[in-house]
Amino acid sequence: MARGGHQRAIQDGGFRRIAVLRLSSLGDVILTQPVLQALAAAFPEAHLTYWVKEEFADLVRHDPAVAHVRVLEREARRLEDLLSMSAELEDADLIVDLHGNLRTRILTMGHRARVLRSPSFRLRRAAQIYLRWARPPRPPTVLARHAAALAPLAIACAEVPRVHAGPEAETWAAAWLAAWGEGAPPVAMIPGAAHATKRWPEAHWLALHERLRARGERLLYFGLEADRARLPDLAARVAADPASRWCAERLARVAALLSHCRCAVAGDTGLMHLAAARGLKVVAMFGSTAPELGFAPAGFGHAVLCRHEPCQPCTLHGRERCPQGHFRCMVGLTPQAVADAAASLGREA
Ligand code: SF4
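- The name recorded for the protein chain in an unreviewed UniProt entry is Glycosyltransferase family 9 protein, from Eiseniibacteriota bacterium.

Have a look at this one:
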């Protein structure tokens, strides 16, 4: 839509068909939720479609702001596929691209709709890694970058995302917990991460398990089967402990179960953001990344643990091994410090 058309849309009461694009990943999709909320409040009559990869669709499927989820099939990568899907955006009068990669650029190309994008601040984020000694200005948080996309419409966004699990998952979670038996809300333990340098050592998780169990805590571990396979000793300890469970369910069910926990312990991962978006206070452990990159859990009252080693952060997203070899950023976060931080956290009021 040309700028004049956009002005008419506003005068007529707002946009009618809005498309929001954020194809991945877990944490990034969660952090777009305040934008959805803000758009729904500003344009209550609009039909909002969210474009996302299949594996993350659960995160927005039950959001009251979303009328339709356009799921991208895993194999939809070829240019002709993207151009064919792009035709579905012809009816949109507002497109909000919160991804800004090549695929979303192709999908949003050449439409009459107004297109808003979130700024990436790539250079400022890179400066945090490669020019640490110069103390470069911090990049805005991911939430602030997404909110900036709506600035041209003078629409403000809430600071804390909320993920809706949906009725099936909520019912399932209540039944699952009832089957476990009576007890205090468990601590959510999230030991997995896609990159090795974001993972706390398995020996530390085992030590934390014993410390929290000694304090009488029940422990509910979340993670994919791959996480469990990567942590065989921890998985065996959990299996042998009647006060511990491991949940490897789909995202909606994980979201629903998280809300029954007292607090969460996690690395810098998507599930950390999911825990915060379900109302939990989080002990967030930063390894090769750092909260200064804009990745701290949203909201207040979390315990963010980062040693700020001279070499930290050494990467934006994570590595397969510590380039220094000592891995002090994670090894130096002691189980005692993490247990004390978890003891200090409770549920959000
Ligand atoms: S110890 Fe330093 S170099 Fe090694 S992974 Fe952590 S931040 Fe990177």
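**What to know about the overall build of the protein chain**
Inference 1: The helix and strand inventory of the protein chain stands at 16 helices and eleven strands.
Inference 2: Oriented by its inertia axes, the alpha-carbon framework of the protein chain measures out at about 65 × 50 × 40 Å.
Inference 3: Looking at the protein chain residue by residue over its 349 residues, the buried ones come to 42%.
Inference 4: Contacts in the protein chain between residues at least 24 apart in sequence constitute 67% of all its contacts with a sequence separation of at least 6.

**Observations concerning the nonpolar core**
Inference 1: Ile18, Ala188 and Ala275 are the most contacted members of the largest nonpolar core, which totals 93 residues.
Inference 2: The element best represented in this core is helix α13 (residues 251-258), accounting for seven residues.
Inference 3: When residues of this core are sorted by domain, at least three fall in each of domain 1 (3-153) and domain 2 (167-342).
Inference 4: When residues no more than four places from it in sequence are discounted, the contact partners of Ala188 are Leu220, Phe222, Leu258, Cys261, Ala264, Ala275 and Leu280.

**Some points on the sheet that holds strand β5 (residues 114-117)**
Inference 1: On the basis of which strands lie adjacent, the open sheet formed by five strands has the order β3-β2-β1-β4-β5 and parallel pairing. A strand with exactly one partner marks an edge of an open sheet, and here the two such strands are β3 (68-72) and β5. Averaged over neighbouring strand pairs, the angle between their axes works out to 20 degrees when direction is ignored.

**So, the sheet that holds strand β6 (residues 187-190)**
Inference 1: Taken together, six strands build an open sheet; the order of strands is β8-β7-β6-β9-β10-β11 and the sheet is parallel. On the outer flanks of this sheet lie β8 (244-247) and β11 (303-305), each paired with one strand and no other. Going from strand to strand, the sheet's axes swing by 15 degrees on average, the running direction of each strand aside.
Inference 2: Sheet topology places strand β7 (residues 219-222) next to β8; four bridges connect them, and they run parallel. Each bridged residue has a counterpart across the sheet, and for Leu219 the counterpart in β8 is Ser244.

**A word on unusual backbone geometry**
Inference 1: Cis geometry is adopted by the peptide bond preceding Ser25, which originates at Ser24 and carries an omega value of -10 degrees.
Inference 2: Its place among the elements puts Ser25 in the loop between β1 (17-21) and α2 (26-30).
Inference 3: Omega for the bond connecting Gln312 with Pro313 falls within 30 degrees of zero, at 0 degrees, which places this linkage in the cis form.
Inference 4: Within the fold, Pro313 resides in the loop between β11 and α15 (328-331).
Inference 5: Although it is not a glycine, Phe327 sits at a positive phi angle of roughly 55 degrees.
Inference 6: Along the chain, the position of Phe327 falls in the loop between β11 and α15.

Analysis parameters
- The residue count restarts for each chain, going from 1 along the sequence in the order it is written.
- Totals for whole chains, interfaces and linings use all residues, but because this is a predicted model, local features are given only for residues with pLDDT of at least 70 and pairs of side-chain atoms are given and counted only at 80 or more.
- Put simply, DSSP marks the helices as runs of H or I at least four residues long and the strands as runs of E at least two long, and each gets a number from the N terminus on.
- Counts of 20 or more other C-beta atoms within 10 Å of a residue's own C-beta define buried residues, counts of 12 or fewer define exposed ones, and intermediate counts define partly exposed ones; C-beta atoms are placed from the backbone.
- Note that contacts rest on C-beta atoms placed from the backbone: two residues are in contact if these are within 7 Å.
- Defined on buried residues, the nonpolar core groups Ala, Val, Leu, Ile, Met, Phe, Trp, Tyr and Cys residues joined through C-beta atoms within 7 Å.
- These domain boundaries are the output of an automatic or database domain assignment.
- Strands pair, by our definition, only if DSSP identifies at least two bridges between them.
- Lines fitted to the C-alpha atoms define the axes, with helices restricted to the stretch that makes contact. Angles between their N-to-C directions range from 0 to 180 degrees.

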